[in-house]
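For reference, the chains in residue letters:
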Amino acid sequence: MTSPSTPSVIAIDGPTASGKGTVASLVAGALGFHYLDSGALYRLVALASENQGVNLDNEPALGVLAAKMAVSFSDGKVFLEGEDVSEAIRTENMGVRASKLAVYPQVRRSLMDLQRSFRMAPGLVADGRDMASVIFPDAQLKVFLTASVTARAERRYKQLIAKGISVKMENLLQDLQERDVRDSKRGSAPLLVAQGARVLETSELSIDQAVKRILDWYQSASC
Ligand code: CDP
C-alpha cells in the first residue's frame, strides 16, 4: 500500500503500436496528472548513442550514456542536450534501436531514478514496459493495453502515412511481429501482463472508449 502522501500512479503497458502512448497521455490529461512516456527515454538513448557512435553491443557504454544524457520534457516536446528531438526519436529506426538496447540491465538501471522522479502530485500516468512490475509496483491501477497484430500494424501505418513517411504494410507487419518476439522473449523486463494488471483488448475500441474504460477502472480502484 502507498501512504496517503504518495502520489497515485496509473501504469499502462502493452505491445508495440497498441496505442498506449496516445491513450496514456489522454488519461493523464483527463485527470490533470503528469505523464511519463518511458519509451521516449529508451528512444533518447538510441538517438544519443547513434549520434555519439556508441555501438549497440557495448552495454557498459550505453549504460553510462543513459545515466548521463541531459533530457528534458516541455510542452509535449522532448529535448536532448537542449535540442528538440521530438521528431527524431519517433522514427521506426529509433524504435527498433531502442528495443535492442532496452534488453540491457545496465541501461534499465541507469534510467530507474529518472523514471521515478516523474511521480509528483497530483499523480502520474506512466506508460511502458516495466512500469507496473519494476518501476511502480505499487501503482493504484495497472493496465495492459493490447490489440491484434493486424490492428496495430494498421494503426502504425496510418500514423506514419499521416506524417508523410512512406512505409510498406507488409514490412511494418513483419517488423511488429519481430519486435513482439524480441520484447516478449528477453530476459530483462520482458513484455508480459504484470501481476494485478487488467487487460484491455482494444482491436474493436476507439481511443475514447479505451480512455473511458481506464478512467472508470481508476475511479473504482480509488474508492
Ligand atoms: O511502443 P513502441 O515499442 O513502439 O515504442 P516505445 O514505447 O516508444 O518504446 C520503444 C522501445 O523501448 C520498446 O519497443 C521497448 O523495447 C523499449 N522500452 C522498454 O524496454 N521499457 C520501457 N519502459 C519502455 C520502452
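The structure under discussion appears in the preceding block.
No experiment lies behind these values; they were computed from the predicted model shown.

Asks: So what exactly am I meant to see when it comes to the site of the ligand here?
Replies: Within the structure, the ligand sits among 20 residues, and T16, K20, R43, R108 and R186 are positioned closest to it. The protein chains hide 96% of the 510 Å² of surface that the ligand would expose on its own. Secondary-structure elements contributing two or more residues to the shell around the ligand are α2 (38-51), α4 (92-101) and α9 (169-185). At 4 residues, the largest contribution of residues to the shell around the ligand is made by α2. Here the shell around the ligand is composed, by residue class, of 5 nonpolar, 5 polar and 10 charged.

Asks: Where do I start with the packing of aromatic side chains in this structure?
Replies: Two numbers describe a pair of aromatic rings. These are the distance of the centres and the angle of the planes. Inspection of the entire model under this criterion finds 2 aromatic pairs. Judged by centre distance (5.9 Å) and plane angle (85 degrees), the rings of F33 and Y218 are edge-to-face. In this pair, F33 is assigned in the loop between α1 (20-31) and β2 (34-37) and Y218 in helix α10 (residues 207-222), connecting sequence segments 185 residues apart. Ring geometry for F73 versus F118: centroids 5.7 Å apart, planes at 80 degrees, classification edge-to-face. In this pair, F73 is assigned in strand β3 (residues 71-74) and F118 in the loop between α6 (112-116) and β6 (123-127), connecting sequence segments 45 residues apart. For F73, a relative accessible area of 34% translates into the label partly exposed. We classify F118 as buried; its relative accessible area is 14%.

Reading guide: rules and limits
Residues numbered from 1 in each chain as written. Predicted model: local features only at pLDDT ≥ 70, side-chain atom pairs only at ≥ 80, totals over all residues. Heavy atoms only, no water. Near = heavy atom within 4 Å. Areas by Shrake-Rupley, 256 points an atom, 1.4 Å probe, with all protein chains shown as cover. Helix = DSSP H or I, 4+ residues; strand = E, 2+ residues; numbered from the N terminus. Nonpolar A, V, L, I, M, F, W, Y, C, P; charged D, E, K, R; others polar. Phe/Tyr/Trp six-rings, centres within 6.5 Å; stacked < 30°, edge-to-face > 60°. Buried < 20%, exposed > 50% of the residue type's maximum accessible area, 1.4 Å probe, protein only.

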